[in-house]
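What follows is the residue order along each chain.
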Amino acid sequence: MLNTLQARRLPLPLFLIALLLIALNLRVGIVVIGPLANGMGEDLALSGGALGLLTTLPLLCFGVLSIFSPRFAERWGLETVLLTALWLLFLGLVLRLFGSYFWLLAGTVLLGAAIAVMNVLIPSLVRGRFPHKVAALTALYSVTMTLGAASAAGMAVPIRDAFGGDWRYPLAGCALVALAGGIGWCFMLPYRTPAASGKAPSLGLWRNPRAWVFSVFFGLQSLLYYSLTAWLATVFVDAGMSEARAGELLTLFNLSGMPANFCAPLFFARMPNRRLAMMLLHVPLLISVPALMIAPTSQPVLWVVLLGLGQGSMISTGLTLIALRGADARAAAGLSGLCQSVGYLLAALGPVTLGLLHDAAGNWRIPLALLSALLLVQFIAGVLSADGDPIG
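Each value, and the rule that gives it
- Residues numbered from 1 in each chain as written.
- Predicted model: local features only at pLDDT ≥ 70, side-chain atom pairs only at ≥ 80, totals over all residues.
- Heavy atoms only, no water.
- Helix = DSSP H or I, 4+ residues; strand = E, 2+ residues; numbered from the N terminus.
- Buried < 20%, exposed > 50% of the residue type's maximum accessible area, 1.4 Å probe, protein only.
- Areas by Shrake-Rupley, 256 points an atom, 1.4 Å probe, with all protein chains shown as cover.
- Core = buried A, V, L, I, M, F, W, Y, C linked by side-chain atoms within 4.5 Å.
- Contact = heavy atoms within 4.5 Å.
- Axes fitted to C-alpha atoms, helices over the stretch in contact; angles between N-to-C directions.
- Parallel < 35°, antiparallel > 145°, perpendicular 65-115°, else oblique.
- Left-handed = near helix turned anticlockwise from the far one by under 90°.
- Nonpolar A, V, L, I, M, F, W, Y, C, P; charged D, E, K, R; others polar.
- Polar contact = N/O pair within 3.5 Å; in protein donor to acceptor, adjacent residues only side chain to side chain.
- Phe/Tyr/Trp six-rings, centres within 6.5 Å; stacked < 30°, edge-to-face > 60°.
- Salt bridge = Lys/Arg side-chain N within 4 Å of Asp/Glu carboxyl O.
- Patch = residues over 30% accessible without salt bridge, like charges linked within 9 Å, V, L, I, M, F, W, Y side chains within 5 Å.

- Named according to an unreviewed UniProt entry, the protein is Inner membrane transport protein YeaN originating from Alcanivorax xiamenensis.

What follows is the structure, encoded as structure tokens:
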């Protein structure tokens, strides 16, 4: 086992490549379902709830496994666990290519398990490797994650149409991205860190009200993102747009998040009044979510740009908060496990609930009204979480 001095010899360029390879894989396999949902539903005779389950299942995996991920790192080391997760992700994506709903579900469970581990351990990895570059590395990581999501959303329908309408081909493209990540991370094994890089959340964290408020914020911003990922394209299709145009707007949603992904952590970390910073970062969402409910086709480009800016700020700021609020790398891993476990269990309710509400109401007004109400709760939790003493 390498000691701490040896672990610090990891070159920054190699670390950046490895970090970005993981970031590219964290959303593509989930986001790609949204633009393909209508075609998949028709081919497999699936209801809105069944389609929503394909986005909800990974979130359930995030919620269940996030709490255990730090223990995996304790036992086997961060690099080994992350490499294993990438190959598990690849396997899950391959299973979905068999095309039946059963294999879609089975592959999605493996995909969700793999991403759950990576989600939790990345803040600890960043904090442990380069503690003085947390905000900058989180910004770069978040931008790359959003770029992967935008690429998946934008290319899904064109790739499907190029192969005769077979929606398995975009899923195969996601598997190739995971394959590249698995191969790339093999080069990280010589730089393995000590197994003590992570720990499970202590009972003190479970009893900490601030950790719970933070978990609510993290969960609701995730619920909003994955609900929009699952249904935003369908909202526009049901409003009269073509699938191709709806896919373009979903791509714009993800692309619009990229500048916010990069700038929000730096803005938040440097702002003297972090609660005011959190309020300002919520403004685009407070405008666009109600607007999407009231008049989705009046200014669709403006709505999705504002949605992207607001949501891009939330995820990168949430990840930055996890790394900054943890007292050290081990505490950051524990806090990450707690917040992501509780948060993603909450977020898992979003896509399937919206799908069921749409099926019952026959329109998107009620589901989007629910998102607007939850956004207000997220705003309050985010402001309360934005400042305070280190946790853990």
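We are not done yet, so read on.
Quick notes on the overall build of the protein
Here is step 1 of the chain: Each helix and strand counted, the protein has 18 helices and zero strands in total.
Here is step 2 of the chain: When burial is assessed residue by residue, the protein has 58% of its 392 residues classed as buried.
Here is step 3 of the chain: Only carbon and sulfur atoms are counted for the fraction: they give 70% of the accessible area of the protein, which is about 14400 Å².

Remarks on the nonpolar core
Here is step 1 of the chain: Core analysis: the biggest nonpolar cluster contains 111 residues, and Met-118, Trp-185 and Leu-232 have the highest contact counts within it.
Here is step 2 of the chain: In terms of residue count, helix α12 (residues 209–238) provides more of this core than any other element does, 16 residues in total.
Here is step 3 of the chain: Apart from residues no more than four positions distant in its own chain, Trp-185 is found in contact with Ala-18, Leu-19, Leu-21, Ile-22, Glu-79, Leu-82, Leu-83, Leu-86 and Leu-125.

Brief notes about the packing of helix α2 (residues 12–25) against helix α9 (residues 134–162)
Each pair of packed helices gets described by two things: the angle between the helix axes and the distance between those axes.
Here is step 1 of the chain: In the contact formed by α2 and α9, the axes pass within 7 Å of each other and the chain directions differ by 40°. The angle between the axes of α2 and α9 places the two elements in the oblique class. The two elements α2 and α9 meet at a crossing, and its hand is right-handed. Contact residues: α2 offers Phe-15, Leu-16, Leu-19, Leu-20, Ala-23 and Leu-24, while α9 offers Leu-137, Leu-140, Tyr-141, Thr-144, Met-145 and Gly-148.
Here is step 2 of the chain: Residue classes in the contact of α2 with α9 are distributed as 10 nonpolar, two polar and no charged.

Focus: the environment of Leu-374
Here is step 1 of the chain: The residue Leu-374 is located in helix α18 (residues 365–385) in this model.
Here is step 2 of the chain: Using a relative accessible area of 25% as the deciding quantity, one classes Leu-374 as partly exposed.
Here is step 3 of the chain: Sequence separation between Leu-374 and Leu-224 is 150 residues, and the spatial gap between their C-alpha atoms is 8.4 Å.
Here is step 4 of the chain: Each residue touching Leu-374, except ones within four places of it in the same chain, is listed here: Leu-220 and Leu-223.

Some points on the side chain of Ser-341
Here is step 1 of the chain: You can see Ser-341 is positioned in helix α16 (residues 329–347).
Here is step 2 of the chain: On the accessibility criterion, Ser-341 (6% relative accessible area) is buried.
Here is step 3 of the chain: From its side chain, Ser-341 meets the backbone oxygen of Gly-63 in a polar contact 2.5 Å long.
Here is step 4 of the chain: Setting aside residues up to four positions removed in sequence, Ser-341 forms contacts with Phe-62, Gly-63, Ser-66 and Ile-67.

Section: the packing of aromatic side chains
Here is step 1 of the chain: This model, assessed by the stated rule, comprises 10 aromatic pairs.
Here is step 2 of the chain: Judged by centre distance (5.1 Å) and plane angle (75°), the ring pair of Phe-102 and Trp-103 falls under edge-to-face.
Here is step 3 of the chain: On the basis of an interplanar angle of 45° and a centroid distance of 5.4 Å, the ring pair of Trp-231 and Trp-364 is categorised as tilted. In this pair, Trp-231 sits in helix α12 while Trp-364 sits in the loop between α17 (349–361) and α18, placing the two residues 133 residues apart along the sequence. A single burial state applies to Trp-231 and to Trp-364, both of which are buried.
Here is step 4 of the chain: Clustering of aromatic rings is evident, with ring pairs tying together Phe-62, Tyr-225, Tyr-226 and Phe-253.

Some remarks on the environment of Ala-106
Here is step 1 of the chain: Structurally, Ala-106 is set in helix α8 (residues 101–129).
Here is step 2 of the chain: Given a relative accessible area of 23%, Ala-106 falls into the partly exposed group.
Here is step 3 of the chain: In this structure the C-alpha to C-alpha distance between Ala-106 and Leu-95, which are 11 residues apart in sequence, comes to 7.2 Å.

What about unusual backbone geometry?
Here is step 1 of the chain: Despite not being glycine, Ala-45 has its phi angle at roughly 55°, a positive value.
Here is step 2 of the chain: Within the secondary structure, Ala-45 is located in the loop between α4 (33–44) and α5 (48–65).

Focus: the side chain of Ser-385
Here is step 1 of the chain: Secondary-structure assignment places Ser-385 in helix α18.
Here is step 2 of the chain: At 2.8 Å, the side chain of Ser-385 and the backbone oxygen of Ala-381 are in polar contact.

Re the pattern of salt bridges
Here is step 1 of the chain: All told, the structure shown has four salt bridges when counted by the stated rule.
Here is step 2 of the chain: Here Glu-243 ties to Arg-160 by a salt bridge, and the two come within 3.1 Å at their closest N and O atoms. Here Arg-160 lies in helix α9 and Glu-243 lies in helix α13 (residues 243–270), a separation of 83 residues in the sequence.
Here is step 3 of the chain: Relative accessible area serves as the criterion here: at 9%, Arg-160 is assigned to the buried category.
Here is step 4 of the chain: With its nearest N and O atoms 2.9 Å apart, the salt bridge here joins Asp-166 to Arg-168.
Here is step 5 of the chain: The network of salt bridges with shared partners includes Arg-160, Asp-161 and Glu-243.

Some thoughts on a nonpolar patch on the surface
Here is step 1 of the chain: On the surface, Leu-60, Val-64, Phe-68, Phe-72, Trp-76 and Leu-345 cluster together into a nonpolar patch covering about 530 Å² of accessible area.
Here is step 2 of the chain: Along the chain, the position of Trp-76 falls in helix α6 (residues 69–76).

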